[in-house]
Amino acid sequence: YFDFAVTGTASASPLVTGNEWTVKVVAPAYNKYDIIELEDNVPAWGGSFYIGSIRIVKDGLEIPSIRDLNAGTTNWVADQTKVQLKSSITATDARVSSSGVLTALSVKAALVYGQRRDLIKDNTAVVGSITSAGSIETKLGVVHPDNDLAQGVYNAVLNSSTATVYYIGVATNDLAGYNKALELAKKDKVYHGLAPLTDDADIINAFVAHVTAMSDSKQAKWRQVFIGRSVADTKTLYGTKANGNQWTAYVSAVPGGVAYSYVTLGADVSGTLTPDSEAKLLNDGVRAGDKLLYNYRIDTITSKVIYDEATVTAVTSQNTLIVDKDWAAAQSIPFKVEIRRDYTSEEKAANYKNILSAYNDRRVTPVFPDTYVAGTVTQKGYHLAAAIAGLASGVVPHQSLTNLQVLGPTDLTRVVSDFSETDLDSIADEGCLIVTQAAIGSAAYVRHQLTSDRSSVSRAENSITRNVDSISYALQAALAPFVGIYNINAGSLLKVRAAIDKELNFRLSGTSTETAGPQLLGYDITKVERDTTFKDKLLIEVVLQVPFPMNYITVTLVV
């Protein structure tokens, strides 16, 4: 209860029947209590109070690597050989917070488990082969994009129409490991369409050099390579400084305005906010539309670093810019920032064309898109390249791949919506086989079976290279019985010519399919003679008339 006094006169009393009076009461301190019900009885003790601690018992707690983002402290660090746990490990729980901010709780005791992935080295000694998808897991492990070899082989087998798919693992996931695998591939001529399961430029260049070397007249092991290269959607313009330090910024009101959106790259130097002279925003081409990243923090669900974004609306000097966020007040404590550019689709197409321009080779077929979804998993462009290599092996060599269905991809958003038809035309013009679909979820198919050499139709169409390689292998087999056994003379030259005629006539009449027709439309043996310099060498020249794909049909309607 409390006492209060009422002042006034008897004739004008403030007390009226029915009135209610309220008095503001302020407690001496804020108090909050909760009742904790224990599973066990508290043991009898003669003291006046207990001192204890409350611990949360939790299974499957993921310990974030970063402890305090601003302080730069970590819970653990890892290198190639070990994981080192730091002292005073902390984590968070959604049930414990202060003013809406999760509280960092000390991990008092735990059994710690780690997960790791190892490179499977079971298939690196010899080239293996598979014809059925059902045997892949037994030989190569679970089929998943994280297991590149199993996923790539599965994609190839899925599209190969029972043709044999050959594979080889790498002992080390680097250039040396792939070079060792390529050495094994030199030993046989049955490998034609190679698909390196990587987008590493140096490794892909090694494959390009390999198919070039194997396809010359001495090696006579003609082959081609299907590759998947990735294209960046974004570029970090300002990430960290050359010395590894972070870029920081502070915020003030826009000159002549009221919004606190004027961001200056700089720091607090001896108590004075100072613009950073290292920043060269204008020189580095920072522009409206670029993103300012700020408010870096740890996501409580994923334990990943997250941040907020503001869009740059203007760049006003080498170290100042205006963004579309209003902080509502000056931010005088410098905070970490980064500046990122999100490429337009036209810029991404131009960047990808720049990558493709390094090839210009009819034996190199780049495959796009660089990422897509198959069922519920996201796969890389080189997984798709493996599918196309399998597709090419499952049809007759002179069959065009254009408009053939590709099994596996279900969501090709990258080509259906991320890039316009103009962008895709631009990429194709540089020499790229694009896999697309009419709508997300519909059947995937080859847009055009292009190689990276667009100098002529005969070099740009993948099926023509495959067809000529097939005929080359056929003639090699037909002439093999003469090598080293026969001497060069008039009689042997006639026999050689007859063997060529027999083989090429078969290609004219015995290799026809409904869609592709015959493998050869005609030929002319223009030379069968001894080399004038190397007396033991026979020179043969044959002009081939190979079929071309029916890529275009023009119909003129006259009324």
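Each remark here, short or long, concerns the structure printed above.
Being a predicted model, the structure only gives us computed values, none of them experimental. Residue numbers here run from 1 along each chain, matching the order of that chain's written sequence. Reporting in this predicted model follows two pLDDT cut-offs: at least 70 for local features of residues, and 80 or more for side-chain atom pairs to be given and counted; totals over whole chains, interfaces and linings ignore these cut-offs and use all residues. Where side-chain values are given, they derive from all heavy atoms of the structure, hydrogens and water being excluded.

Novice: Requested: an account of helix 3 (residues 175-185), with residues and values cited.
Specialist: Between buried and exposed lies partly exposed: a residue is buried under 20% and exposed over 50% of the maximum accessible area for its type, with that area taken using a 1.4 Å probe on protein chains only. Going along the chain from the N terminus, every DSSP run of H or I of four or more residues is numbered as a helix, and every run of E of two or more is numbered as a strand. Along helix 3, the residues classified as buried are Gly 177, Tyr 178, Ala 181, Leu 182, Leu 184 and Ala 185. Seen end-on, helix 3 carries its buried residues on one side only, within an arc spanning 155 degrees. Across from the buried face of helix 3, at angles greater than 90 degrees, the exposed residues are Ala 176 and Lys 180. Directions drawn from the helix axis to the C-beta atoms are what define this arc.

Novice: Describe helix 8 (residues 421-429), listing the residues and the values that go with them.
Specialist: Think of an α-helix as 3.6 residues a turn; residues three or four steps apart then line up on the same face. Those residues of helix 8 that sit buried are Asp 423, Leu 424, Ile 427 and Ala 428. When helix 8 is viewed along its axis, its buried side chains cluster within an angular range of 135 degrees and face the same direction. For helix 8, the elements touching its buried residues are helix 5 (345-356), strand 21 (364-368), helix 7 (413-418), strand 25 (433-437) and strand 26 (444-448). Note on helix 8: the residue one or two positions beyond its end, Gly 431, has a positive phi of about 100 degrees. We call two residues in contact whenever any of their non-hydrogen atoms come within 4.5 Å of each other.

Novice: Provide a residue-level description of the packing of aromatic side chains, including the pertinent values.
Specialist: The relative placement of two aromatic rings is captured by the distance of their centres and the angle of their planes. Only the six-membered ring of Trp is used, alongside the rings of Phe and Tyr, when aromatic pairs are assigned; centres must lie within 6.5 Å, and planes under 30 degrees apart are stacked while those over 60 apart are edge-to-face, with the rest tilted. The full count for this structure, using the stated rule, is ten aromatic pairs. Ring geometry for Tyr 166 and Tyr 191: centres 5.2 Å apart, planes at 70 degrees, overall edge-to-face. Taken together, the residues Tyr 166 in strand 10 (residues 165-167) and Tyr 191 in the loop between helix 3 and strand 11 (193-194) connect sequence positions 25 residues apart. Exposure remark for Tyr 166: the relative accessible area of 36% places this residue in the partly exposed category.

Novice: I'd like to hear about the side chain of Thr 511, residue by residue, with values.
Specialist: Tracing the backbone through its elements, the reader meets Thr 511 in the loop between helix 11 (490-509) and strand 27 (522-530). Pairing of N or O atoms within 3.5 Å defines a polar contact, subject to two protein rules: one partner must be a possible hydrogen donor and the other a possible acceptor, and residues neighboring in sequence count only if both atoms are side-chain atoms. From its side chain, Thr 511 meets the backbone oxygen of Arg 507 in a polar contact 2.9 Å long. A polar contact is formed between the side chain of Thr 511 and the backbone nitrogen of Gln 519, at a distance of 2.9 Å. For Thr 511, the residues in contact, after removing those within four places along its chain, are His 398, Phe 506, Gly 517, Pro 518 and Gln 519.

Novice: Explain the environment of Asn 462 to me, and be specific about the residues and the numbers.
Specialist: Following the sequence through the fold, Asn 462 ends up in helix 10 (residues 462-479). Sequence separation between Asn 462 and Lys 502 is 40 residues; the distance between their C-alpha atoms is 26 Å. Among residues more than four places away in sequence, those in contact with Asn 462 are Gln 224, Phe 226, Thr 365, Leu 401, Gln 449 and Thr 451. Among the polar contacts listed, one links the side chain of Asn 462 to the side chain of Arg 466, at a separation of 2.8 Å.

Novice: Give a description of empty space enclosed by the protein that names residues and reports values.
Specialist: Grid points spaced at 1 Å over the protein atoms alone were grouped into cavities, where a 1.4 Å probe fits but cannot get out, and pockets, open sets with protein on both sides within 12 Å along at least five of seven lines, with lining residues defined by an atom within 4 Å of a point. Grid points are joined across faces, edges and corners, and a volume is the space filled by probe spheres set on the points. Applying the stated criterion across every chain yields a total of one cavity of 30 Å³ or more. Computed from the structure, the largest cavity encloses a volume of approximately 40 Å³. Around the largest cavity, the lining residues are Asn 155, Tyr 372, Ala 374, Gln 379, Leu 384, Ala 387, Leu 407, Gly 408 and Pro 409. Elements with a minimum of two residues in the lining of the largest cavity: strand 22 (371-374) and helix 6 (381-393).

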